[in-house]
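What follows is each chain in one-letter form.
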Amino acid sequence: MIEEIKIYYDELASTYDQNRFGNSYGNYIDSQERAYLKKNLPLLDSSNILDLGCGTGRFLDYATHGADISPRMIEVAKSKFSDKEIRLGSVSEIPYPDAFFDVIFSFHVLMHLDKTIVNEFLQESHQKLKKEGRLIFDFPSKKRRRLFKYKNEGWHGANDFSIKDIENLIESNWKIKHRQGILFFPIHRFPSSTRPLLQKIDTFFCKTFLKEYSSYLIIELEKT
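As the structure is a computational prediction, the values presented were derived from the model and not from experiment.

Analysis parameters
- As a convention, each chain's residues are numbered from 1 in the sequence order in which they are written.
- Local features in this predicted model are restricted to residues whose pLDDT is 70 or higher, and side-chain atom pairs enter the listing and the counts only when it is 80 or higher, whereas totals over whole chains, interfaces and linings include all residues.
- Heavy atoms throughout the structure, all of them, feed into the side-chain values; hydrogens and water do not.
- Buried means the residue's accessible area, taken with a 1.4 Å probe over protein chains only, is under 20% of the maximum for its type, while exposed means over 50%, and partly exposed covers the values in between.
- A run of H or I in DSSP becomes a helix once it reaches four residues, and a run of E becomes a strand once it reaches two; helices and strands are each numbered from the N terminus.
- When DSSP finds two or more bridges between two strands, those strands count as paired.
- Handedness is read with the strands pointing away from the viewer; a crossover is right-handed when the path from the first strand over the helix to the second is clockwise.
- Salt bridge criterion: a side-chain nitrogen from Lys or Arg within 4 Å of a carboxyl oxygen from Asp or Glu.
- Working definition: a ring pair exists when centres of Phe, Tyr or Trp rings (six-membered ring for Trp) sit within 6.5 Å. Plane angles under 30 degrees give stacked, over 60 give edge-to-face, the rest tilted.
- Expected span, for any helix, means 1.5 Å times one less than how many residues it has.
- Side-chain atoms alone can form a polar contact between residues adjacent in sequence; in general such a contact is a pair of N or O atoms within 3.5 Å, and within protein one must be able to donate a hydrogen while the other accepts it.
- Residues belong to one nonpolar core when they are buried, are Ala, Val, Leu, Ile, Met, Phe, Trp, Tyr or Cys, and are joined through side-chain atoms within 4.5 Å.
- Note on contacts: a residue pair is in contact if any heavy atoms of the two residues lie within 4.5 Å.
- Lines are fitted to the C-alpha atoms to define the axes, a helix being fitted only along its stretch in contact, and any angle between axes, read from their N-to-C directions, falls within 0 to 180 degrees.
- Roughly parallel means an angle under 35 degrees; roughly antiparallel, over 145; roughly perpendicular, 65 to 115; everything else is oblique.
- Should the near helix be turned counterclockwise from the far one by less than a right angle, the crossing is left-handed, whereas a clockwise turn marks it as right-handed.
- Charged residues are taken to be Asp, Glu, Lys and Arg, nonpolar residues to be Ala, Val, Leu, Ile, Met, Phe, Trp, Tyr, Cys and Pro, and polar residues to be all remaining types, Gly included.

(A) Region of the structure containing the pairing of strand β5 (residues 129–140). With nine of twelve residues buried, β5 is to be regarded as a mostly interior element. Of the pairings in the sheet, the one linking strand β4 (residues 101–106) to β5 comprises five bridges and is parallel in character. Paired with Phe105 across the bridge in β5 is Ile136. Traced from β4 through helix α5 (residues 115–128) to β5, the parallel crossover comes out right-handed. With seven bridges connecting them, β5 and strand β7 (residues 216–223) associate as antiparallel partners.

Structure below.
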C-alpha cells in the first residue's frame, strides 16, 4: 500500500495544487483547515512544528519542518519553501530526532492508511514529540459515511474512524484535547456561487454535538 501511495502522489505532484485546491470545493475545505491551524497553533508554545505528509507544502507556512513519502511532492514543496527543512519520510518513520517537536500535524494522510499503520503513526509521533507536545490529525468520519452509505474503492480515502475509535486506539500516554468537524454540508451539491456564504454556518455545526456527522474530524492529542 505504501508504495502505491508514493507512486500515486509522485504522478500527481506537478498538478496537485491546481487540481485539488484550485476550485471552490477545494478552497472551501482549505479555508476551514487553515482557520483551525491559525486559531489553535498560536495558543501552543511551539518552536518546532512538523507538517507530516506535507505534500506540495499547502500548510508549510504554519510549520518549521516538513516530511512526505513522495520525492516529487517534496520537490514542489521545496521550490515554494526553500527556507524550510523538508525530508523524505513516512508516518511510521519520521526522519527527525526523538522528543524534537512541540507540535506535529497531519492532514489528509490517515484517510489512506489501514489501522495497523495508524497505530504505528501514533507510536512514532509520541516518540518524536516533547512532553505535553500536541498531535493534530484528521480522518473521514465513520458516522458520516454510514449515514450516506459510502462505499470504499481501493485504498484512496478508504479509512474512517469515529471519536470513540480514536479513544480506543490511544493509550494512557495520550490525552484528547480537542475535537472538531470539517465540511458539515455536502458542499458538492450546492452551486459554487453559494459556497462562500455557507462557511460560517458550516463551521458552527462542525463545533457542535453534530460534529461527527461532518465529512472529516480533526483530533488534537497531548502527549502525557
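(B) Region of interest: the pattern of salt bridges. Counted under the stated rule, the structure contains 19 salt bridges. Here Asp61 and Arg34 are joined by a salt bridge, their closest N and O atoms 3.2 Å apart. Of this pair, Asp61 sits in the loop between β1 (49–52) and β2 (65–68) while Arg34 sits in helix α3 (residues 24–40), and the two are 27 residues apart along the sequence. Its relative accessible area of 21% is what places Arg34 among the partly exposed residues.

(C) Structural view of the packing of aromatic side chains. Summed over all chains, the structure comprises 18 aromatic pairs. Considering the side-chain rings of Tyr96 and Phe101, the 5.2 Å spacing of their centres and the 80° angle between planes classify their relative orientation as edge-to-face. Here the two residues Tyr96 and Phe101 agree in accessibility, since each one is buried. Here the aromatic rings of Phe185 and Phe205 are separated by 6.1 Å at their centres, their planes lie at 80°, and the arrangement is edge-to-face. Separated by 20 residues along the polypeptide, Phe185 in the loop between β6 (174–182) and α8 (195–206) and Phe205 in helix α8 bring together distant segments of the chain.

(D) α5, seen in detail. Under the 1.5 Å per step criterion, the end-to-end length of α5 is 20 Å for 14 residues, consistent within 8% with the ideal 20 Å. Along α5, the residues classified as buried are Ile117, Val118, Phe121, Leu122, Glu124, Ser125, His126 and Lys128. You can read the cap of α5 off the contacts: a side-chain oxygen lies 3.2 Å from the backbone nitrogen of Thr116, and it is on Asp114.

(E) Broad picture of the nonpolar core. Within the largest apolar cluster, 36 residues are counted, with the highest numbers of intra-cluster contacts made by Leu135, Phe137 and Leu221. If near-sequence neighbours (up to four positions away) are discounted, Leu221 is found in contact with Leu122, Gly133, Arg134, Leu135, Phe137, Ile170, Trp174, Lys175, Ile176 and Lys177. Listed in part, the 30 residues of the second largest apolar core include Cys54, Phe81, Ile182 and Cys206.

(F) The environment of Ile49, seen in detail. Examined against the element boundaries, Ile49 turns out to sit in strand β1. Considering only alpha carbons, one finds Ile49 and Ala63, 14 residues apart in sequence, at a separation of 4.8 Å. Setting aside its immediate chain neighbours within four residues, Ile49 contacts Tyr62, Ala63, Thr64, His65, Phe101, Val103 and Phe105.

(G) Focus on the packing of α3 against α8. Where α3 contacts α8, the axes come no closer than 11 Å and their chain directions differ by 30°. Between α3 and α8, the angle is such that the two are roughly parallel. Here α3 and α8 pass one another in a crossing that is right-handed. Listed contacts from α8 to Ser24, Tyr25, Asn27, Tyr28, Ser31 and Gln32 of α3 are Arg195, Leu198, Gln199, Asp202 and Thr203. The residue makeup of the contact of α3 with α8, split by class, is three nonpolar, six polar and two charged.

Everything listed here is a matter of geometry and, on its own, says nothing about what the molecule does.
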